[in-house]
Amino acid sequence: MALSPAARGATTIAIGAAGGLAFFLLNLPLPWVLGSLAASALVAQASSFRPGLPSHWRSYAMVIIGTMLGTGFTQDIVARSGNWVVSLIVMALLSLAFGLFAYYVFRRWGDMSRETALFAAMPGGLSVATMLAETYQAETNRVVLCHTARLVVLLISAPMILLAQATRMAFHNAKPLDPVGHGLLAVVALASWFAATRLRFPSAMLLIPLLSSALLHATGLIEVHVPLSLSMLAQIVIGSSVGERFAKYTLRQIVRDGWLGALVGAVLAAGSLAGALLVADLTGEGVAPLFLAYLPGGAPEIGVVALALMIDPAMVAAHHVLRVFLIVAALPYAAKRAATAGKQSTS
């Protein structure tokens, strides 16, 4: 009997929650993200059930995550945001270097076309990369698998590297609800979701709520946090949505392209740490937030890590938002160049 999308989604969330609870009880890092990811990926490969979430469920999670990230833009944080100029420039340069390195690896060892390697090498921006990959007739399934494998490595390595750096892992304690503040935040989140549905812009479901929430907090109108239960649910949705991607691939496909994506992820994690150590000495910013800001993963996934560990979410979000805009601006031009070069080489 075929499951409805809602029933399949509810089952996927239940599997992810069970994995998150197991990781939580084992006192493993990022339990609700990594536990749900591991559980859904394991079920996808070891059983006949194919995890899957309705696309609008992930959109709701994006709204929650964007709203949560926006709460970090307090007046104190905004006052020191001018100190981020150097790190933002370094992030842009690192993103370019990461993309070129990944492109070379995928072309050299992945036997990919120029277009496929280009989209697979993007340091984030999976939604726009996937959309353009279909337009340029690249191998979209390989693009998604490379991004997913890299993201898994980044999500696993991030807390391990932070622990090795003796970073203090902080977590929100449950705070009482503020009927006025949380009510206003909920209204703004709903309005942001409505606006995002009308905009044909990549990551609008994350960026619009983030900017709206940040404006409220930066102006001092409110100073509240998203309830812990919603934060946990958003983490489970993110982890499950990454893990369920493996349902679309055979083990042979995962071995063929996944190892390259994982290798690239490990190298880029090391590069991000090196960049963070260098810039921390130059600017006085902490290594941990710089490391998360430089990690070339998806903005919502790395943003969730910063939120879960309470490592300067506003700073991390600002860097990843800029990266998204840079990818959106540069990728169409790069794709046209790659397509033209490909035609010339075959003519």
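Computed from a predicted model, the values in this text were never measured in an experiment.

The rules we used
Residues numbered from 1 in each chain as written. Predicted model: local features only at pLDDT ≥ 70, side-chain atom pairs only at ≥ 80, totals over all residues. Heavy atoms only, no water. Salt bridge = Lys/Arg side-chain N within 4 Å of Asp/Glu carboxyl O. Helix = DSSP H or I, 4+ residues; strand = E, 2+ residues; numbered from the N terminus. Buried < 20%, exposed > 50% of the residue type's maximum accessible area, 1.4 Å probe, protein only. Contact = heavy atoms within 4.5 Å. Patch = residues over 30% accessible without salt bridge, like charges linked within 9 Å, V, L, I, M, F, W, Y side chains within 5 Å. Areas by Shrake-Rupley, 256 points an atom, 1.4 Å probe, with all protein chains shown as cover. pLDDT = per-residue confidence, 0-100. Core = buried A, V, L, I, M, F, W, Y, C linked by side-chain atoms within 4.5 Å.

Student: What exactly am I supposed to notice about the pattern of salt bridges here?
Tutor: A side chain of one charge can pair with a side chain of the opposite charge when the charged atoms of the two come close. All chains considered together, the criterion is met by 7 salt bridges. Here R58 ties to E301 by a salt bridge, and the two come within 3.2 Å at their closest N and O atoms. Residue R58 is located in helix α3 (residues 55-70), and its partner E301 is located in helix α14 (residues 299-309); the two are separated by 243 residues in the primary sequence. With a relative accessible area of 24%, R58 lands in the partly exposed category. Between R80 and D312 there is a salt bridge whose closest N-O contact spans 2.3 Å. Here R80 is found in the loop between α4 (75-79) and α5 (85-109), whereas its partner D312 is found in the loop between α14 and α15 (313-346), with 232 residues between them in sequence. What makes D312 buried here is its relative accessible area of 16%. Each member of the salt-bridge network shares a partner with another, and the members are E139, R142, R256 and D257.

Student: Would you mind going over the environment of A280 with me for this structure?
Tutor: When you line up the elements, A280 lands in helix α12 (residues 251-283). Owing to a relative accessible area of 11%, A280 belongs among the buried residues under this scheme. With 19 residues separating them along the chain, A280 and A299 place their C-alpha atoms 21 Å apart. Every residue in contact with A280, bar those within four places of it in the chain, is listed here: E285, V287 and L290.

Student: Which parts of the structure should I look at to understand a nonpolar patch on the surface?
Tutor: A contiguous nonpolar surface patch, about 620 Å² in accessible area, is contributed by F101, Y104, W109, W259, L263 and V267. Those elements giving two or more residues to the nonpolar patch turn out to be α5 and α12.

Student: Looking at this model, I keep getting lost on the environment of V287. Mind explaining?
Tutor: Following the sequence through the fold, V287 ends up in helix α13 (residues 287-294). Residue V287 is classed as partly exposed on the basis of its relative accessible area of 23%. When the C-alpha positions of V287 and A149 are compared, they lie 25 Å apart, and in sequence the two are 138 residues distant.

Student: What am I meant to see in the confidence of the model for the chain here?
Tutor: Where the model shows low pLDDT, its predicted coordinates should not be examined in detail. In the predicted model, the chain carries a mean pLDDT of 87, and the fraction of residues at 70 or more is 94%. Confidence scores differ between elements of the chain, with helix α7 (residues 126-135) showing the lowest mean pLDDT of 82 and α5 the highest of 95.

Student: Teacher, can you tell me more about unusual backbone geometry here?
Tutor: The phi angle of most residues is negative, glycine excepted, and most peptide bonds adopt the trans form. Of note, the phi angle at M310 is positive, near 50°, even though the residue is not glycine. Residue placement: M310 occurs in the loop between α14 and α15. In this structure, D312 takes a positive phi of about 40° despite not being glycine.

Student: Hey, could you run me through the nonpolar core in this one?
Tutor: Soluble globular proteins tend to bury their nonpolar side chains together. Counting residues in each nonpolar core, the largest one holds 86 residues, and the members touching the most others are I65, F106, F291 and L292. The element contributing the most residues to this core is helix α8 (residues 140-164), with 10 residues. Residues contacting F291, with those up to four places away along its chain left out, are A158, I161, L162, A269, S272, L273 and A276. Formed by 13 residues, the second largest nonpolar core is a distinct cluster that contains F119, A133, V143 and L331.

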